[in-house]
Amino acid sequence: MLLLQRAHKGDLDSAEADRLAGEALLKKAENEAQTTRATQDQEQFEKSAAQLSENVQQLKQTLSQWENELKTLKARQTVSTATKTINKQLAQLDSSGTVALLERMKEKVAVEEALAESYGQIANESKSIDGEIDKALAGSSTSQAAADVQALKAKLGLTE
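Residues numbered from 1 in each chain as written. Predicted model: local features only at pLDDT ≥ 70, side-chain atom pairs only at ≥ 80, totals over all residues. Heavy atoms only, no water.

1. Some details on the overall build of the protein
For the record, the criterion: Per the convention used, a helix needs a DSSP run of H or I reaching at least four residues, while a strand needs a run of E reaching at least two, with both numbered from the N terminus. Computed by Shrake-Rupley with a 1.4 Å probe, the accessible areas treat only the displayed protein chains as cover when residues are assessed.
Summing up its helical and strand segments, the protein has 3 helices and 0 strands in all. Mapped in sequence order, the helices and strands of the protein form the string α-α-α. Split by element, the accessible area of the protein, about 14500 Å² in all, is 58% carbon and sulfur.

Right under this line is the structure:
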């Protein structure tokens, strides 16, 4: 517009102004086409970005699911290993060996009980000897006391 106005005033050659104005209009058309393409590209990129974001979320969800499955599998492996170990040990148990072990334990307990009873008898015997000695000494002091009472009664004339 400025070129055409200057050409109309006479500041610029009219043919030159027409040529430059035509070039400017071509450039404007190119810029508008480029803007349209850029807008379309932007929309396409935004759609792609949204699709990528959705894919990332789906991958995160899948990864989380796999992690949970891994934890479950590890727990199942631990349980199966423990079960296998227990079952292996149970399979190796010998019933006759177990019975023999129980019999040996019963014998040991019987020996320990007999030993404890023997110690108890020894302790009672030593106490009974001490008791007999105390009883013998107490009996003499009791008979001494009875003799003293009889002497006192004789002094008082109360004897029969």
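2. Structural notes on a nonpolar patch on the surface
We apply this condition: Grouping into patches uses exposed residues only, defined as over 30% relative accessible area, and leaves out salt-bridged ones; the cut-off is 9 Å for like charges and 5 Å for nonpolar side chains (Val, Leu, Ile, Met, Phe, Trp, Tyr). Take a side-chain nitrogen of Lys or Arg and a carboxyl oxygen of Asp or Glu: if they are within 4 Å of each other, that pair is a salt bridge. Throughout, exposure labels follow a simple rule: accessible area from a 1.4 Å probe, protein chains only, divided by the maximum for the residue type, with under 20% read as buried, over 50% as exposed, and the rest as partly exposed.
Taken together, the side chains of Leu101, Leu102 and Met105 define a hydrophobic patch exposed on the protein surface, amounting to about 280 Å² of accessible area. Looking at the secondary structure, you find leucine 101 in helix α3 (residues 95-156). Residue classification places leucine 101 among the partly exposed residues on the basis of a relative accessible area of 41%.

3. What to know about the pattern of salt bridges
Scanning the model with the defined rule gives 2 salt bridges in all. For lysine 106, the salt bridge goes to glutamate 103, with nearest N and O atoms at 3.9 Å. Residue lysine 106 and its partner glutamate 103 are located together in helix α3, separated by 3 residues, close to a single helical turn.

4. Here's the deal with the packing of helix α1 (residues 2-9) against helix α2 (residues 14-92)
Note the threshold: For every element, the axis is a line fit to its C-alpha atoms; helices are fit only across the contacting stretch, and the angle between N-to-C directions ranges from 0 to 180 degrees. Any angle from 65 to 115 degrees is called roughly perpendicular, while one under 35 is roughly parallel, one over 145 is roughly antiparallel, and all others are oblique. Contacts were defined at the residue level, with two residues in contact if any of their heavy atoms lie within 4.5 Å. Each residue is assigned to one of three groups, with Ala, Val, Leu, Ile, Met, Phe, Trp, Tyr, Cys and Pro labelled nonpolar, Asp, Glu, Lys and Arg labelled charged, and all others, Gly among them, labelled polar.
Two elements in contact, α1 and α2, have axes whose closest approach is 9 Å; the angle formed by their N-to-C orientations is 175°. With respect to α2, the axis of α1 lies roughly antiparallel. Mapping the contact onto sequence places Leu3, Leu4 and Ala7 in α1 and Ser14, Ala17, Asp18, Leu20 and Ala21 in α2. Taken together, the residues of the contact of α1 with α2 sort by class into 6 nonpolar, 1 polar and 1 charged.

5. Side note on the environment of leucine 4
Relative to the helices and strands, leucine 4 resides in helix α1. Residue leucine 4 is classed as partly exposed on the basis of its relative accessible area of 43%. Through-space distance from the C-alpha of leucine 4 to that of alanine 15 is 9.9 Å; in sequence the pair is 11 residues apart. In this view, leucine 4 contacts Ala17, Asp18 and Ala21; residues no more than four positions away in its chain are not counted.

6. Here's the deal with the confidence of the model for the protein
Going by this rule: Note on scores: pLDDT gives the predictor's confidence for each residue, bounded by 0 and 100.
With 85% of its residues at a pLDDT of 70 or more, the protein has an overall mean of 84. Within the protein, the element-level pLDDT minimum falls on α3, averaging 77, and the maximum on α2, averaging 92.

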